Amino acid sequence: MKSHIILAVLFLVLMACGSKESSEAANIVSSSVPTTNSTAEVEAEPSPTKEKHQKWDGFYFYDIYMGSIIVIHQGKYYNFARKESKSFYKDFEYDIDFELNEEGFIPIVRKYYLDRNDELTSKETVLFDTQAVEEDGKTTALQCRGYDYQPLVSFGAYLDAISTTRAAVVADLKANSKYQDDSLIEKALNDPDFVAKSGMTEVPLRGEATAFWQLLVNIIEAK
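Fair warning: this is a prediction, and the values are worked out from it, not measured in the lab.

Calculation rules
Residues numbered from 1 in each chain as written. Predicted model: local features only at pLDDT ≥ 70, side-chain atom pairs only at ≥ 80, totals over all residues. Heavy atoms only, no water. Helix = DSSP H or I, 4+ residues; strand = E, 2+ residues; numbered from the N terminus. Polar contact = N/O pair within 3.5 Å; in protein donor to acceptor, adjacent residues only side chain to side chain. Contact = heavy atoms within 4.5 Å. Salt bridge = Lys/Arg side-chain N within 4 Å of Asp/Glu carboxyl O. Buried < 20%, exposed > 50% of the residue type's maximum accessible area, 1.4 Å probe, protein only. Phe/Tyr/Trp six-rings, centres within 6.5 Å; stacked < 30°, edge-to-face > 60°.

Within the secondary structure, T130 sits in strand β7 (residues 130–135). A distance of 2.7 Å separates the side chain of T130 from the side chain of Y77, its partner in a polar contact. Aside from chain neighbours lying at most four places away, what touches T130 is Y77, G104, F105, I106, L142, Q143 and C144.

Encoded structure:
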């Protein structure tokens, strides 16, 4: 009888210790997991960097033989070159600072390039070669190395400004994609948010040329 009582007491002691350890472990796990409210507060914070750069955001084109494009988008500066008449490629990519310098130039602070192994590399750099022309607080043009780049409000406007035509690009689009609706295509051509929707800034640096019709597909399919 005594042995049964002793075993019962030992069993109760072991149960109590196990319960205490489980409770302590649960408290540790609970304290290490962030609450839903704190996560929501972090995500709700605005991004001042994006807002400061937006005054220069845009697509700027200079009408020379092969075509030269400057795109400023979300704190980055891109230079594109036209490939023949139906495509383009990304030539340079930079990070830019928040404020114009005293002479009104956009400060370039980091350069991205392909190294000898064709791997994307970046380095800090200081370059002042692009000047913003402003009127009433709005950027109306960019001046770069002696050339004036004018802002274009849509991809269709760019096609109108170069040696190709909208009709030629639309024909390529219909021949290479499922999109055949003229009204849908025209809407993409005139979309003012075409830089973000086209994904043009995401193409590989000095990679293969991207066809104009592919940009239109990206604009159509953008959410």
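Before going further, it helps to examine the pattern of salt bridges. Two side chains of opposite charge can pair, provided their charged atoms sit close to one another. Under the counting rule described, the total for this entry stands at 11 salt bridges. D91 is paired through a salt bridge with R206; the nearest N and O atoms lie 3.1 Å apart. Taken as a pair, D91 in strand β4 (residues 87–96) and R206 in the loop between α7 (194–198) and β10 (210–211) lie far apart in primary sequence, 115 residues in all. You can call D91 buried: its relative accessible area is 16%.

Attention now moves to the environment of E134. Along the polypeptide, E134 turns up in strand β7. Between the alpha carbons of E134 and G104 there is a distance of 9.4 Å; along the sequence they are 30 residues apart. Once you skip the residues sitting within four places of it in the chain, E134 turns out to touch K55, W56, L100, T139 and T140.

To continue, consider unusual backbone geometry. One non-glycine residue with positive phi stands out, namely Q74, at about 50°. Exposure remark for Q74: the relative accessible area of 47% places this residue in the partly exposed category.

The tally for this structure, following the rule as stated, stands at 14 aromatic pairs. Consider the rings of Y62 and Y147, whose centres lie 4.5 Å apart with planes at 40°: the pair is tilted. Here Y62 is found in strand β1 (residues 58–62), whereas its partner Y147 is found in strand β9 (residues 147–152), with 85 residues between them in sequence. Judged by its relative accessible area of 22%, Y62 is partly exposed. On the basis of an interplanar angle of 75° and a centroid distance of 5.6 Å, the ring pair of Y77 and Y94 is categorised as edge-to-face.

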